[in-house]
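# Tertiary structure, described
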Amino acid sequence: MFHIYCPHCAEYREEDEFHAKGQAHIVRPLDPDNCSDAEWGNYMYFRPNPKGLRHEIWYHSAGCRKFFNITRDTVTYEIKEVYLIGQQPQFTADAL
């Protein structure tokens with residue numbers, strides 16, 4: 001078991017208290033009413049799944065019940081940083 005830092009609670013908690021909710025920083029189509037079914041389907045369901053650094057949204061379900069972002073290495077499962085929704089990550093594939 002490992003611990004995840006919750007930026008809202010300002011403390012480390014056990015991983016069982018959290019749930020990953022998917023990829024962070026996904027840009028919504030500018031005009032969703034005029035998207036084709038294929039474009040909307042790609043936005044909703046298809047995500048790249050590369051090895052390495054990934055920005056994810058997590059939810060503190062057994063604590064404050066708030067969302068935040070994590071930058072995580074998918075190979076080692078190491079959490080590089082935790083940051084609030086609306087902030088930009090310090091760790092990116094370009095920065096490494």
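For the structure, check the block above.
Now for a quick tour of the structure.

### Regarding the nonpolar core
- In this structure, I4, C6, F18, W58, F68 and I70 together form the largest nonpolar core, which totals six residues.
- Listing elements by their share of this core, those giving two or more residues are β1 (3–6) and β5 (67–73).
- Leaving out residues up to four positions away in the same chain, I70 has contacts with I4, R54, H55, E56, W58, I79, E81, V82 and Y83.

### Some points on a nonpolar patch on the surface
- Taken together, the side chains of M44, Y45 and F46 define a hydrophobic patch exposed on the protein surface, amounting to about 390 Å² of accessible area.
- Mapped onto the secondary structure, F46 falls in the loop between α1 (37–45) and β4 (53–60).
- Residue F46 is classed as exposed on the basis of its relative accessible area of 58%.

### A look at the side chain of E17
- Here E17 lies in the loop between β2 (11–14) and β3 (18–23).
- Looking at E17, the relative accessible area reads 16%, which means it is buried.
- In terms of polar contacts, E17 uses its side chain to reach the side chain of H60, at 2.7 Å.
- In this structure, E17 is in contact with Y59, H60, S61, A62 and G63, ignoring residues within four places of it in sequence.

### Here's the deal with the pairing of β4
- The buried count for β4 comes to seven of eight residues, which makes it a mostly enclosed element.
- With five bridges joining them, β3 and β4 adopt antiparallel strand pairing. Within β4, the position partnered with H19 by the bridge is Y59.
- Here β4 runs beside β5; their pairing, made up of seven bridges, is antiparallel. Among the inter-strand pairings, H55 is bridged to a residue of β5, identified as T71.
- Counting the residues between successive antiparallel strands, the hairpin from β4 to β5 contains six residues, one of them, R65, with a positive phi of roughly 65°.

### Focus: the packing of aromatic side chains
- Applying the stated criterion to the full structure yields five aromatic pairs.
- Judged by centre distance (5.3 Å) and plane angle (80°), the ring pair of F2 and Y77 falls under edge-to-face. Highlighted residues: F2 in the segment before β1 and Y77 in the loop between β5 and β6 (79–83), separated in sequence by 75 residues.
- Take Y77: its relative accessible area is 37%, and that puts it in the partly exposed class.
- A centroid spacing of 5.8 Å and a plane angle of 90° characterise the contact between F18 and F68, whose relative ring orientation is edge-to-face. In this pair, F18 is assigned in strand β3 and F68 in strand β5, connecting sequence segments 50 residues apart.
- Above the face of the Y43 ring, R47 is positioned so that its terminal group lies 5.8 Å from the ring centre.

About the criteria used
Along each chain, numbering runs from 1 in the same order as the chain's sequence is written. Confidence filtering applies because this is a predicted model: local features only for residues at pLDDT of at least 70, side-chain atom pairs given and counted only at 80 or more, and all residues used for totals across whole chains, interfaces and linings. In computing side-chain values, all of the structure's heavy atoms are included and hydrogens and water are not. Residues belong to one nonpolar core when they are buried, are Ala, Val, Leu, Ile, Met, Phe, Trp, Tyr or Cys, and are joined through side-chain atoms within 4.5 Å. Partly exposed residues are those whose accessible area sits between 20% and 50% of the maximum for their type, while under 20% is buried and over 50% is exposed, using a 1.4 Å probe and protein chains only. For helices the rule is a DSSP run of H or I covering at least 4 residues; for strands it is a run of E covering at least 2, with both sets numbered from the N terminus onward. When checking whether two residues touch, look at their non-hydrogen atoms; a contact exists if any pair is within 4.5 Å. Residues form patches when they are more than 30% accessible in relative terms and have no salt bridge. Like charges link within 9 Å. Nonpolar side chains (Val, Leu, Ile, Met, Phe, Trp, Tyr) link within 5 Å. All accessible areas in this document rest on Shrake-Rupley with a 1.4 Å probe, and a residue is counted as covered only by the protein chains that are shown. For salt bridges, the criterion is a side-chain nitrogen of Lys or Arg within 4 Å of an Asp or Glu carboxyl oxygen. Think of a polar contact as two N or O atoms within 3.5 Å of one another; within protein, one of them needs to be a possible hydrogen donor and the other a possible acceptor, and neighboring residues in sequence only count if both atoms come from side chains. Following DSSP output, two strands are said to pair if at least two bridges run between them. Centre distance within 6.5 Å is the pairing criterion for rings of Phe, Tyr and Trp, where only the six-membered ring of Trp is used; planes under 30 degrees apart are then read as stacked, over 60 as edge-to-face, and the remainder as tilted. We call a charge positioned over a ring when the NZ of a Lys or the CZ of an Arg lies within 6 Å of the ring centre and within 35 degrees of the ring normal.

Functional significance is not addressed by these values, which are geometric in nature.
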